[in-house]
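Remarks on the overall topology
The lines below spell out each chain.
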Amino acid sequence: MKKKTIIPLIVFLVGICLLSLFTYNTNVQIQKDRRTIAKLNAVTYGQRIENDIENGIEITDSLKQLLINGNGQIKKFSKIAENLMSYSVQSVQLAPNGVVTDIYPEEGNEAGKIDLLNDSNRGEISNYAKDHRTIIIQGPIELKQGGSGLVVRNPIYLEDENGQEYFWGFTIVILRVPEVFEDSTNALSKFQYNYRLSREVSVLDKNYVVVDANCDKIIRPVTYTFTVGKEKWKLEIMPRAGWSKSKTLYLILFGGLSLVLLLTGLTIVLFLLDERRVELKELAHKDGLTKLYNRYGFDEMAEKMIKKDPEAYYVAALLDVDDFKLINDMYGHAYGDKALISLAENMQKFYPSSALLGRNGGDEFCILLSNCTMEEMKESLIEFTKTPKTFSYKGQTYSFCISLGYAEYPNNAIVRSQLMRCADAALYEVKLHGKNGCMAYKEGLQSGVRKQLGFVLNDISENLPGAFMIYRADKEDDEIFYANKEFLDMAGYENLDELFKSTKKSFRNLIHEDQRETVEASIWNQIESGSENDYIHYPLRKQDGTYIPVLDQGRIVESVRFGKVFYVLFMDWQAMQVNYSTKFDEKAT
């Protein structure tokens, strides 16, 4: 009896001790795991919230660029603002000299036309933004239309005719809260997290103010901090059910029929937690838009591939979308995202499953191919580069091109980071030579010469030794796209806006009415006869209504985005006769 009593008692007491110890250790591990998972979620969704806010701020940068291009003026502000509006944008505003004068939409926002620099609630921070040339955010504030919002003010400085900078005013956007980042906060709520998003009141007040939250209290949260402008933000999250899993602990303590079943249940729970942790780790290494590896995931996998077989040959390639910023500027970021997704899908279809594919960020992608040399992959890489790339959005199909540079391990580099730099140097050599191409790395290429890529149309056209224009090659619609300063000076126009207004953006309005049909017929007869160039002499209408005889030398080309266009050089006929009078005399004789 004593053995039957003592041994079960000892087993019971030992079992209780072991169970208590095991339960305690399990609780600690669960909290650790949940904090690890919560930290990954905080980083993931904190970065998305940061990107959402930055995307809203980019609206003010777009207006800033338009102001710079328009010498402080924005034509058709309402139309431009309408295109910038979205579900999360309450209004877009302009405040020259700090006074709000233009608001879109205007209805319901009339009270917003105030003097920011002298306003009691906004003056101090607005003057700080002006004096320190920094973007500032105020809020959250109550919106008269309902809800809350964040006010972004971007100080704009322009140059006067003497090259001196002066304060123009502010471009402003009001972002609705929580709409601007509700995809991320909704996801946190869906995953059963309580969250609180806070920001510093301003650069002048380091206290934190709550921007959005789905609970009244956060207990021992994990925190992700980030900076927008000069103000710090923090995202705090915790599991809605708390850091401990009460049901699991109760199950361990009271719910098992035997120790085996109890251990089995704990093993299942731990495996589930570990599986979830692995999934989140995988998500942290993947690009959310294209589903390819992100930069960190690609670098990690590439290092593992090369270390696994360092004697093998590898080819690394870097590629990006040509004129990607132009796609975003012309159509919007949604179109740019479609182009990136389409390019990622093309890469996955074209390259074998053994290829490592990634997106570095923006429009730059990377590839690592194993057990091959540059010579073996040359034709394949050229084929991929030259294959037409398209994306579809809202029922329309758009074309785009890519540039690609590649290098070989170990011939060009013996470490991964240097290999990618070599591919980068080759890529930007392609950019310097006209884009839409593919090039292998060779000795002497440097990735540090990217500043040369800034030498674009405006720099070249403004310094051409002659008047230059681009317009649509269409008999019915000859819309003028561009004219350089030399043409504007020759024709007596102050700027492009004046030219567009005077001619209604039509090339034929630069030709005398009596000669339009003859001149246009001559141009198209030359083109339709098989020539890419045309030559015609006629009087060109100036801004003041007078005419100047010119020699028009045009060339018709096919543009990916605009179809057929004419590139035209104009030469002053009288000046040619004066400077080349002997040549003209020789022709006459």
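Residues numbered from 1 in each chain as written. Predicted model: local features only at pLDDT ≥ 70, side-chain atom pairs only at ≥ 80, totals over all residues. Heavy atoms only, no water.

**Topic: the nonpolar core**
Counting 44 residues, the largest nonpolar core has Ile53, Ile137, Phe181, Leu197, Phe226, Trp233 and Ile237 as the members making the most contacts within it. Sorting elements by how many residues they give to this core places helix H1 (residues 2-69) first, with ten residues. For Phe181, the contacting residues outside a window of four places in its chain are Ile49, Asp52, Ile53, Leu197, Val211 and Asp212. (Core = buried A, V, L, I, M, F, W, Y, C linked by side-chain atoms within 4.5 Å. Buried < 20%, exposed > 50% of the residue type's maximum accessible area, 1.4 Å probe, protein only. Helix = DSSP H or I, 4+ residues; strand = E, 2+ residues; numbered from the N terminus. Contact = heavy atoms within 4.5 Å.)

**A word on the sheet that holds strand S16 (residues 438-440)**
Overall, mixed pairing links the five strands, which are arranged S11-S12-S10-S15-S16 in an open sheet. Each edge of the open sheet is held by one strand with a lone partner, namely strand S11 (356-361) and S16. The mean inter-strand angle of the sheet, taken between neighbouring strand axes irrespective of direction, is 20°. Here three bridges tie strand S15 (residues 402-409) to S16, and the two strands are oriented parallel to one another. Among the inter-strand pairings, Gly405 is bridged to a residue of S16, identified as Met439. Lying over the sheet, helix H10 (residues 374-386) contacts strand S10 (314-321), strand S12 (364-370), S15 and S16, oriented at roughly 170° with respect to S15. Along the sheet face, helix H11 (residues 416-432) touches S10, S12, S15 and S16 and points at about 145° away from the line of S15. (Pairing = 2+ DSSP bridges. Axes fitted to C-alpha atoms, helices over the stretch in contact; angles between N-to-C directions.)

**Structural notes on the sheet that holds strand S18 (residues 480-483)**
Read from one edge to the other, the open sheet built from five strands follows the order S18-S17-S21-S20-S19, with strand pairing classed as antiparallel. The open sheet has two free edges, formed respectively by S18 and strand S19 (533-541), since each of these has just one partner strand. Neighbour to neighbour, the strand axes of the sheet diverge by 25° on average, direction disregarded. Taken together, the three bridges between strand S17 (residues 467-472) and S18 define a ladder with antiparallel strand orientation. From the neighbouring strand, Ile470 faces S18, where its bridge partner is Tyr482.

So far we have only geometry, and geometry alone does not tell us how the molecule works.
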